[in-house]
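Breakdown of the fold
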Amino acid sequence: MSAILVFGATGQIGRELIAQSWPDGLRVIGADRASADITDRGAVGRALARMRPLLAVNAAAFTAVDQAEVDTARAWAVNRDGAANLAEACAAQGVPLIHLSTDYVFDGAKAGPYTEDDPVAPLGVYGASKAAGEAAIRTRLARHVILRTAWVFGVHGTNFVKTMLRLGAERPALRIVADQHGCPTEAADIARAVATIAGAVLRAPAAAPFGTFHYAGAPPTTWHGFAEAIFQRAAARGSKSPTLTAITTAEYPTPARRPANSMLDGAKLQRAYGVAPCDWPRALDRVLDRLVGATATP
Ligand SMILES: NC(=O)c1ccc[n+]([C@@H]2O[C@H](COP(=O)([O-])OP(=O)(O)OC[C@H]3O[C@@H](n4cnc5c(N)ncnc54)[C@H](OP(=O)(O)O)[C@@H]3O)[C@@H](O)[C@H]2O)c1
């Protein structure tokens, strides 16, 4: 049976890619950091040569936005050089690549949602290293899909939903930033989008619409709006609900600056692959059913 090879298979999106049901006739193989460290050019090439996949997906990245400001060398090694290694090996072995990237390549100065044609202008090391990874792929591999996504949440790994549930159980009140606008996106929805894109690419390996695309949840919100939705739904499932206070970014300083607006416009992906922006409130219900327990939703 023909295979899809997923790098970064133990991350929050990687795990959903492994759990995902793939189009007919495809099976998925996961590579973690121990079996294929993407900063190791030789290891990446050997993994592709051994598995001989029809398509590769890169879900491996250094994603700790604040830590990237201090662990700079590692962020660049994984997010730029790792992406370059993958693109080079894929080009050498004739394998198309779907690579995940981020809304944090933008500076947030735009008034509306970002399209794929908007110039990148990252504010921190994480965004800059991801933007450099994208550029490295574009120059090395024609058959690539760079899929930028945003504000990822799900049942695995560390994410805003799980952090809110933990803090909400510990504290009676939380102060949440209300002047950053973005699009929460469920990891499992991203995995489904990737599977749809992979199926289309493999049906038309030479003619598929390659390039850069945006995929994120709708409607846009703020971290405060996202927290309200989390606690409203979690309370309906019997979880504790703290008082939320809306604050500004200036009141919550972090090592890395974050864009005030990182809303992503998903129209290009919908036109090219028929994949529409996902409904994050519904996805949140699914995730909370697994994290908190199932009762009636508000
Ligand atoms: N999380 C978000 O909110 C968000 C938002 C927008 C875009 N994205 C993008 O989505 C993608 C996946 O993110 P995620 O949230 O699933 O990240 P994650 O949970 O942090 O997972 C990243 C994975 O990459 C692996 N990895 C790190 N360094 C590696 C290396 N040198 N070689 C091989 N694997 C390595 C990690 O393994 P170890 O655990 O062993 O280090 C982990 O399994 C990334 O491209 C990220 O930029 C994420």
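For the structure given in this document, a descriptive report is provided here.

1. Details of unusual backbone geometry
Residue alanine 218 is joined to proline 219 through a cis peptide bond whose omega torsion reads -5°. Looking at the secondary structure, you find proline 219 in the loop between strand 11 (217-218) and strand 12 (221-222). Phi is positive for arginine 52, which is not a glycine, with a value near 45°. You can see arginine 52 is positioned in the loop between helix 2 (41-51) and strand 3 (55-58).

2. Points about the sheet that holds strand 10 (residues 211-214)
Sheets are built from strands that pair by backbone hydrogen bonding, the pairs being arranged parallel or antiparallel. Here we have six strands laid out as an open sheet, ordered 2-1-3-4-5-10, and parallel in their pairing. Looking at strand neighbours, the two that pair on one side only are strand 2 (26-31) and strand 10, the edges of this open sheet. On average, adjacent strands in this sheet sit at an angle of 20° to one another, irrespective of strand direction. In this sheet, strand 3 lies alongside strand 1 (residues 2-7) in parallel orientation, the contact comprising four bridges. In the sheet register, phenylalanine 7 faces strand 3, and the bridge partner there is asparagine 58. Against the sheet, helix 2 makes contact with strand 1, strand 2 and strand 3, and its axis sits at roughly 160° relative to strand 1, the strand it touches most.

3. Some details on helix 5 (residues 160-170)
If you check which residues of helix 5 are buried, you get Phe160, Val161, Met164, Leu165, Leu167 and Gly168. Elements in contact with the buried residues of helix 5: strand 6 (152-153), strand 7 (173-177), helix 7 (223-236) and helix 9 (280-291). Capping the start of helix 5, asparagine 159 holds a side-chain oxygen 3.2 Å from the backbone nitrogen of valine 161, two or three residues further along.

4. Quick notes on helix 9
With twelve residues, helix 9 should cover 16 Å at 1.5 Å per step; its first-to-last C-alpha distance of 16 Å lies within 8% of that length. Along helix 9, the positions that sit buried rather than exposed are Trp280, Pro281, Ala283, Leu284, Asp285, Val287 and Leu288.

5. Brief notes about the side chain of threonine 185
Along the chain, threonine 185 turns up in strand 9 (residues 185-186). Among the polar contacts made by the side chain of threonine 185, one reaches the main-chain carbonyl oxygen of alanine 150 at a distance of 2.9 Å. Setting aside chain neighbours within four positions, we find threonine 185 in contact with Thr149, Ala150, Trp151, Val152, Phe153, Ile190, Tyr215, Ala216, Gly217 and Cys278.

6. Focus: the site of the ligand
Close to the ligand lie 24 residues, the nearest being Thr10, Asp37, Thr63, Tyr126 and Lys130. Contact between the ligand and isoleucine 38: a nitrogen atom at 2.9 Å from a main-chain N or O atom of the residue. In this structure, an oxygen atom belonging to the ligand sits 3.1 Å away from a main-chain N or O atom of leucine 100. The protein chains hide 82% of the 910 Å² of surface that the ligand would expose on its own. Of all elements in the fold, only helix 1 (12-19), strand 4 (97-102) and helix 4 (125-140) reach the threshold of two or more residues within the shell around the ligand. A total of three residues in the shell around the ligand trace back to one element, the largest contributor, which is strand 4. Tallied by class, residues from the shell around the ligand come to twelve nonpolar, nine polar and three charged.

7. Some points on the packing of helix 5 against helix 9
Where helix 5 meets helix 9, the axes come as close as 11 Å, and the angle between the chain directions of the two elements is 50°. Taken together, the axes of helix 5 and helix 9 are oblique relative to one another. Read as a crossing pair, helix 5 and helix 9 show a hand that is right-handed. Of helix 9, the residues touching helix 5 (which contributes Val161, Lys162 and Leu165) are Leu284, Leu288 and Leu291. Of the residues belonging to the contact of helix 5 with helix 9, the class tally is five nonpolar, no polar and one charged.

8. Comments concerning the packing of aromatic side chains
Within this structure, the stated rule accounts for nine aromatic pairs. Between phenylalanine 160 and phenylalanine 226, the ring centres sit 5.3 Å apart and the planes meet at 20°, which makes this aromatic pair stacked. Of this pair, phenylalanine 160 sits in helix 5 while phenylalanine 226 sits in helix 7; the two residues are 66 residues apart in sequence, bridging distant segments of the chain. Of the two residues, phenylalanine 160 and phenylalanine 226, both sit in the buried class. Among the aromatic side chains, those forming a connected cluster through ring pairs are Trp151, Phe153, Phe160, Trp223, Phe226 and Trp280.

About the cut-offs
Residues numbered from 1 in each chain as written. Predicted model: local features only at pLDDT ≥ 70, side-chain atom pairs only at ≥ 80, totals over all residues. Heavy atoms only, no water. Helix = DSSP H or I, 4+ residues; strand = E, 2+ residues; numbered from the N terminus. Pairing = 2+ DSSP bridges. Axes fitted to C-alpha atoms, helices over the stretch in contact; angles between N-to-C directions. Contact = heavy atoms within 4.5 Å. Buried < 20%, exposed > 50% of the residue type's maximum accessible area, 1.4 Å probe, protein only. Polar contact = N/O pair within 3.5 Å; in protein donor to acceptor, adjacent residues only side chain to side chain. Expected span 1.5 Å × (residues − 1). Near = heavy atom within 4 Å. Areas by Shrake-Rupley, 256 points an atom, 1.4 Å probe, with all protein chains shown as cover. Nonpolar A, V, L, I, M, F, W, Y, C, P; charged D, E, K, R; others polar. Parallel < 35°, antiparallel > 145°, perpendicular 65-115°, else oblique. Left-handed = near helix turned anticlockwise from the far one by under 90°. Phe/Tyr/Trp six-rings, centres within 6.5 Å; stacked < 30°, edge-to-face > 60°.

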